[in-house]
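Fold and contact review
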Amino acid sequence: MPELSGSTGRTPETHVIDFRAAEQLLASRDPRGAVKLLDGVIDAYPENTAARLLRARAFFAAAQLRPAELEFSIVLEREPDNAFAHFALARTYQRQSRPAPARRHFRLAAALDPNPEYLKAASFDT
């Protein structure tokens, strides 16, 4: 995770612990718990892309698709070459029954990374 710095009454170390705990909560299928922890991290460090990407994944896992879309979009504004963020945003659009933007981001993901899963989603032959 990129270095965290800022002041909110909590230490940077505490925010790193919260980030790591949020990773564990998401892995153990508690996306809402992960979002709660990440809200504090992002309040303190709004420019932290890693925390925003993790929160986007948590929103997606919790079926909170509009917040997931917003977070993935913020990540892509900062990292337009992030293939995973394009793929995840495409999946978010797909779950919202928005095939045109989904197809666009599936194709961008596949163009940035020839991952077989991305290529298949983009309808490219592997």
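About the thresholds
Residues numbered from 1 in each chain as written. Predicted model: local features only at pLDDT ≥ 70, side-chain atom pairs only at ≥ 80, totals over all residues. Heavy atoms only, no water. Helix = DSSP H or I, 4+ residues; strand = E, 2+ residues; numbered from the N terminus. Axes fitted to C-alpha atoms, helices over the stretch in contact; angles between N-to-C directions. Parallel < 35°, antiparallel > 145°, perpendicular 65-115°, else oblique. Left-handed = near helix turned anticlockwise from the far one by under 90°. Contact = heavy atoms within 4.5 Å. Nonpolar A, V, L, I, M, F, W, Y, C, P; charged D, E, K, R; others polar.

You'll find the protein entered in an unreviewed UniProt entry as Tetratricopeptide repeat protein, with Streptomyces cathayae given as the organism.

Thoughts on the environment of Glu23
Along the polypeptide, Glu23 turns up in helix α1 (residues 12-27). With 34 residues separating them in the primary sequence, Glu23 and Arg57 have C-alpha atoms 9.9 Å apart.

Overview of the packing of helix α5 (residues 83-95) against helix α6 (residues 99-112)
Following both chains from N to C, one finds α5 and α6 inclined at 160°, their axes separated by 8 Å at the closest point. Relative to α6, α5 is oriented roughly antiparallel. Pair α5 / α6 crosses with left-handed handedness. Here Ala83, His86, Phe87, Leu89, Ala90, Arg91, Tyr93 and Gln94 of α5 come into contact with α6, specifically with Pro101, Ala102, His105, Phe106, Leu108, Ala109 and Leu112. Per-class residue counts for the contact of α5 with α6 are eleven nonpolar, three polar and one charged.

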